[in-house]
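Architecture and fold: a report
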Amino acid sequence: MTSLVRLTRQQAELRERARNFVDNELLPHEEAAERAGGRLPADVVDGIMKAAVRARLNGGRHAPGHGGQGWSAVDYVVAHEQLGRNTNGLWWWVPDAYNVLSAGTPEQIDRYLRPALRGEGWLSYAVTEEHAGSDPSGIATTARPDGDGWVLDGEKWFVTSGDVAAAHIVVAIAQGHGPTLFIVDAGTEGLSFADDPPFTHTFPHGHPTLRLDGVRIGPGAVLGGLGAADDIQRAWFVEERLGIAAHCVGAMSRLLEEAVAWATTRVQGGVPIIEHQGVAFPLADSAADAAAARLLVYEVAELTDSGADPKIVHAKASLAKLFASEAAGRCADRAVQTFGGRGYMRTTPAERFLRELRVDRIWEGTSEIQRLIIARSMTRRGVPSVIA
Ligand SMILES: Cc1cc2nc3c(=O)[nH]c(=O)nc-3n(C[C@H](O)[C@H](O)[C@H](O)COP(=O)(O)OP(=O)(O)OC[C@H]3O[C@@H](n4cnc5c(N)ncnc54)[C@H](O)[C@@H]3O)c2cc1C
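Calculation notes
Residues numbered from 1 in each chain as written. Predicted model: local features only at pLDDT ≥ 70, side-chain atom pairs only at ≥ 80, totals over all residues. Heavy atoms only, no water. UniProt positions renumbered as here; feature names shortened; annotations may be inferred. Helix = DSSP H or I, 4+ residues; strand = E, 2+ residues; numbered from the N terminus. Near = heavy atom within 4 Å. Polar contact = N/O pair within 3.5 Å; in protein donor to acceptor, adjacent residues only side chain to side chain. Areas by Shrake-Rupley, 256 points an atom, 1.4 Å probe, with all protein chains shown as cover. Nonpolar A, V, L, I, M, F, W, Y, C, P; charged D, E, K, R; others polar. Domains from an automatic or database assignment. Axes fitted to C-alpha atoms, helices over the stretch in contact; angles between N-to-C directions. Parallel < 35°, antiparallel > 145°, perpendicular 65-115°, else oblique. Left-handed = near helix turned anticlockwise from the far one by under 90°. Contact = heavy atoms within 4.5 Å. Buried area = accessible area lost by both parts, 1.4 Å probe. Salt bridge = Lys/Arg side-chain N within 4 Å of Asp/Glu carboxyl O.

By the naming in an unreviewed UniProt entry, the chain is Medium-chain specific acyl-CoA dehydrogenase, mitochondrial, taken from Sphaerisporangium aureirubrum. According to its UniProt record, the chain has this under Cofactor (unreviewed entry): "FAD".

So, in structure tokens, the structure goes:
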């Protein structure tokens, strides 16, 4: 297959490995996951997780010394492009952990990171609050010193995997130090769930509201140093945004494959419907969207690997996330239309993508926030900093 992006032999092999994993281990479970509200039987989940480890897809960007694969940014998007081809968030079962954990102490790495990468425990990351979403300066969760440890008070919203996590990474304002990451073990006294709302997509885990009422934690719970949250999280956002953009590229590929296959076999008016321009042209637009998004994603990954100025990479990652997530939404909508009434059935991947891709324009910074970052970069560093 010719490609818009040049891959090394190892990267081409990784792409095939990830693609086979998605085709053989994830896609067969999509419909069952949809019918079960995302909650697959434990033995099926166990099988998926073990297959992901066998396929060496777990802990992609983490260091091999910590149990990860040591992927470059390009390796990461190669794999995540394939993982984006499934619906129902089944890729979430691939064991991994937030990259902020690599800033942990050797004890934290042994206790939290290594088991997570082996698939032996989930972690959540709790930043957002009722009054602090796009603007994290409004974070009101506090950490006050208490003996040699800390006491946390506050409430965190939309805590993905919070319902199953063995521990939560919580951003709190540490008295005298500012925003700080703390690791709070599940079950610590004072932790509770205020709500576990249903969401648009069908996902393996919930996104509950986590309350912290006088939660006492020891000195070893600080992650990456007091007041270090903003610096540590910046790298996290870039990686997450690139990952979302790569997923969206994979989703667009699958949507196109499904829609083109359907449009070439479905006959109406005596011809395959793709022979009607009204059907063919939107699919051509989707191909343009997918190809352009793909180039952007790989460019940002290559810039990351080349050690480019982190500010430029930050703005370009926003550009990739903005374009790829908006484009994927358009592609899903066009694919639903191609399938007609079948496109409105939850058993059709296009229908599921239409709902599931919506969040990619919201989490890890909304499209509006990506636009702010892009506009700021053009103002401060010039237009070429974004488009050249
Ligand atoms: C399914 C799901 C899972 C999530 N998982 C997590 C998680 O695991 N951990 C976590 O911490 N958070 C998580 N989030 C939260 C997510 O990151 C936030 O929802 C997101 O950052 C937006 O914040 P908000 O919802 O408070 O919206 P708001 O910030 O209130 O924004 C509302 C609207 O106003 C716009 N807006 C806000 N400020 C500006 C501005 N300056 N200029 C222009 N427009 C603006 C936004 O773009 C948006 O359209 C999750 C959210 C969802 C839906």
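Still to come is the rest of the account.
1. Quick notes on the UniProt feature "domain: Acyl-CoA oxidase/dehydrogenase middle" (unreviewed entry) in the chain
Sequence positions flagged by UniProt for "domain: Acyl-CoA oxidase/dehydrogenase middle" (unreviewed entry) are, in local numbering, residues 125-196. Between the end C-alpha atoms of residues 125-196 there is a gap of 16 Å, over a span that is 0% helix and 50% strand.

2. Remarks on the UniProt feature "domain: Acyl-CoA dehydrogenase/oxidase N-terminal" (unreviewed entry) in the chain
Mapped onto this numbering, the UniProt entry gives "domain: Acyl-CoA dehydrogenase/oxidase N-terminal" (unreviewed entry) at residues 8-120. Regarding residues 8-120, the helix share stands at 54% and the strand share at 0%, and the terminal C-alpha atoms are separated by 32 Å.

3. Description of the site of the ligand
Around the ligand, 16 residues are found, and the nearest of them are Thr128, Ser134, Phe158, Thr366 and Glu368. At 2.8 Å from a nitrogen atom of the ligand is found a side-chain nitrogen or oxygen belonging to Thr160. In isolation the ligand has 960 Å² of accessible area, and contact with the protein removes 64% of it. Of all elements in the fold, only β1 (123-126) and α10 (367-381) reach the threshold of two or more residues within the shell around the ligand. Along the lines of polarity and charge, the residues of the shell around the ligand split into 8 nonpolar, 6 polar and 2 charged. Two domains each put at least three residues into the shell around the ligand: domain 2 (123-223) and domain 3 (230-387).

4. Notes on the packing of helix α1 (residues 9-26) against helix α3 (residues 42-54)
The contact between α1 and α3 brings their axes to 11 Å, and the two run at 165°. Considering their axes alone, α1 and α3 lie roughly antiparallel with respect to each other. For the crossing formed where α1 meets α3, the hand is right-handed. Mapping the contact onto sequence places Phe21, Glu25 and Leu26 in α1 and Ile48, Ala51 and Ala52 in α3.

5. So, the domain arrangement of the chain
Looking at the chain, the domain boundaries give domain 1 (9-118), domain 2 (123-223) and domain 3 (230-387). Put simply, the middle of domain 2 and the middle of domain 3, counted by C-alpha atoms, are 31 Å apart. Listed as interface residues are 13 residues of domain 2 and, on the opposing side, 10 residues of domain 3. Counting the surface lost from both domain 2 and domain 3, the interface buries some 890 Å², and carbon and sulfur atoms represent 63% of this. Linking domain 2 to domain 3 there are 0 salt bridges. Linking domain 2 to domain 3 there are 2 residue pairs in polar contact (both at pLDDT 80 or more). A breakdown of the residues in the side of domain 2 that touches domain 3 according to their chemical character gives 7 nonpolar, 6 polar and no charged.

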